Amino acid sequence: DGVHNGHGALMRRTAQVAQELGAVPSAFTFDPHPQTVILGRPMPLLTSPEDRADLMRKYYGIQDVIVEPFTVPRMKQPWQGFVASTLVKDLRAGEVHTEHAVEEGDLGDGAEHGAVHVVAGHDFHFGYKGEGNPQRLQQICQELGIGCDIIPKVEMEGITVSSTYIRTLVAQGEMERANEFLGHPYTLSDRVAHGKKLGSTLGFPTVNLRLKENVLSPAKGVYATKVILENGETHLAVTNVGTRPTVNDGNQLTIEGYILDFTGDLYGQKIQMEFYKYLREERKFPSFEALTAEVMHNADQTREYFAQHP
């Protein structure tokens, strides 16, 4: 449901072995999250499948991200079948598609040889009722003549790196600690849509992002963030997550970034927003002037933060 330092250990090993074997470093992930199907309720995701794929490529050199629908038949698939049929046979036949650019729907042709080496975590369970485990995975890979690495758990400060722990941090707005465990900034992305033009009313340019389906929202409040444009430019931003009580938005959650030292129209562009530090809680101001003054103060805090954390 996200990409963190634990996954990073798997992907670094994947990239290393792929280079040694002349293979394509790939990652296999599901959408929707298996727990959503098994438990019958949405699983809050750290990142959308699109953002997940971008992070794997950007930080770990993964070239192909295989996003497989998790369905009831998949849930009931025997553990042996997941390895022999899906990872080896179906990948070889191109029946499981690799996604080079998930958002654009640019589907690859699948690998020519299927999986030639599998890297999994110490707690990996798969197949019907989770009967597949690391020991069984190594055993069946040996029988099929493909390599297999099991990566031990990754700990930081005596805490096991896990999505569950990181979700708690994000939901509480503890971004600096969340980013330590993620191994990268907490990131959301979207194509810029027209908002209520409040930025121009208040005198500064803003972008509005929509949370993708089932993606966890950071705690309501104001954050020091960075916005990365399609052309690769990076700008500092002050971002408000919440319901904008000063402008009476009702209960609709918005993620609105005020981009510092920027002029131009970003409408229709895909942007990425990286969260770094929680600055203050969201609150209602007596006037637009008071809100503007506070946002300018938050802008100074943001510049100061990034000057101290280049």
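(A) Fine view of the confidence of the model for the protein. For the protein, the mean per-residue pLDDT works out to 88, and 88% of the residues sit at or above 70. For the protein, the element scoring lowest by mean pLDDT is strand 4 (residues 106-107), at 36; helix 8 (residues 175-182) scores highest, at 98. Confidence drops under a pLDDT of 50 for residues 100-111, and excluding neighbours within four residues, the segment shows 30 contacts in the predicted structure.

(B) Region of interest: the packing of helix 7 (residues 163-171) against helix 8. Running from amino to carboxyl end, helix 7 crosses helix 8 at an angle of 155 degrees, the nearest separation of the two axes being 8 Å. One way to sum up the angle between helix 7 and helix 8 is to call them roughly antiparallel. Crossing angle aside, the handedness with which helix 7 passes helix 8 is left-handed. Mapping the contact onto sequence places Tyr165, Ile166, Leu169 and Val170 in helix 7 and Met175, Arg177, Ala178, Phe181 and Leu182 in helix 8.

(C) Looking closely at helix 3 (residues 49-60). With twelve residues, helix 3 ought to run about 16 Å at 1.5 Å a step, and its terminal C-alpha atoms sit 16 Å apart, in line with that. Turning to helix 3, its buried residues number three or more, namely Pro49, Asp51, Arg52, Ala53, Leu55, Met56 and Tyr60. Where the residues of helix 3 are buried, they touch helix 1 (5-21), strand 1 (26-30), strand 2 (64-68), helix 8 and strand 9 (186-191). Glycine 61 sits one or two residues past helix 3 and shows a positive phi near 70 degrees.

(D) Representation of the packing of aromatic side chains within the structure. Under the defined criterion, the tally for this structure stands at 13 aromatic pairs. Between tyrosine 165 and phenylalanine 181 the ring centres are 5.0 Å apart and the planes differ by 70 degrees, which places this aromatic pair in the edge-to-face class. Remark: phenylalanine 181 occurs in helix 8 and tyrosine 165 occurs in helix 7; sequence separation between them is 16 residues. The class for tyrosine 165 is partly exposed, based on a relative accessible area of 23%. Taking the relative accessible area as the measure of exposure, phenylalanine 181 reaches 0% and is therefore buried. Relative to tyrosine 278, the ring of tyrosine 223 has its centre 5.3 Å away and its plane inclined at 85 degrees; by these criteria the two rings are edge-to-face. Within this pair, whereas tyrosine 223 is found in strand 11 (residues 221-228), its partner tyrosine 278 is found in strand 14 (residues 270-280), the two being separated by 55 residues in sequence.

(E) Local environment of the sheet that holds strand 14. Within the open sheet, the six strands sit side by side as 9-14-11-12-13-10. Their pairing is antiparallel. Pairing within the sheet leaves two strands with one partner each, and these edge strands are strand 9 and strand 10 (206-209). Ignoring strand direction, the axes of neighbouring strands in this sheet form an average angle of 35 degrees. One ladder, built from six bridges, connects strand 9 with strand 14; its direction is antiparallel. Bridging from a neighbouring strand, arginine 191 pairs with lysine 270 of strand 14.

(F) Just the environment of methionine 296, in detail. Following the sequence through the fold, methionine 296 ends up in helix 10 (residues 288-308). Taking C-alpha positions, methionine 296 is 9.8 Å from phenylalanine 204, a pair spaced 92 residues apart along the chain. Contact partners of methionine 296, with chain neighbours within four places excluded, come to Phe204 and Tyr258.

(G) Inspection of the pattern of salt bridges at higher detail. Inspection of every chain in the model, using the stated rule, returns 15 salt bridges. Its salt-bridge partner being glutamate 294, residue arginine 280 comes within 3.3 Å of it at the nearest N-O pair. With arginine 280 in strand 14 and glutamate 294 in helix 10, the pair connects residues that are 14 residues apart, well separated along the chain. Judged by relative accessible area, glutamate 294 falls into the buried class, the value being 15%. Among the ionic pairs, arginine 283 bridges to glutamate 294, the shortest N-O distance being 3.6 Å.

Reading the values: the criteria
Residues numbered from 1 in each chain as written. Predicted model: local features only at pLDDT ≥ 70, side-chain atom pairs only at ≥ 80, totals over all residues. Heavy atoms only, no water. pLDDT = per-residue confidence, 0-100. Helix = DSSP H or I, 4+ residues; strand = E, 2+ residues; numbered from the N terminus. Contact = heavy atoms within 4.5 Å. Axes fitted to C-alpha atoms, helices over the stretch in contact; angles between N-to-C directions. Parallel < 35°, antiparallel > 145°, perpendicular 65-115°, else oblique. Left-handed = near helix turned anticlockwise from the far one by under 90°. Expected span 1.5 Å × (residues − 1). Buried < 20%, exposed > 50% of the residue type's maximum accessible area, 1.4 Å probe, protein only. Phe/Tyr/Trp six-rings, centres within 6.5 Å; stacked < 30°, edge-to-face > 60°. Pairing = 2+ DSSP bridges. Salt bridge = Lys/Arg side-chain N within 4 Å of Asp/Glu carboxyl O.

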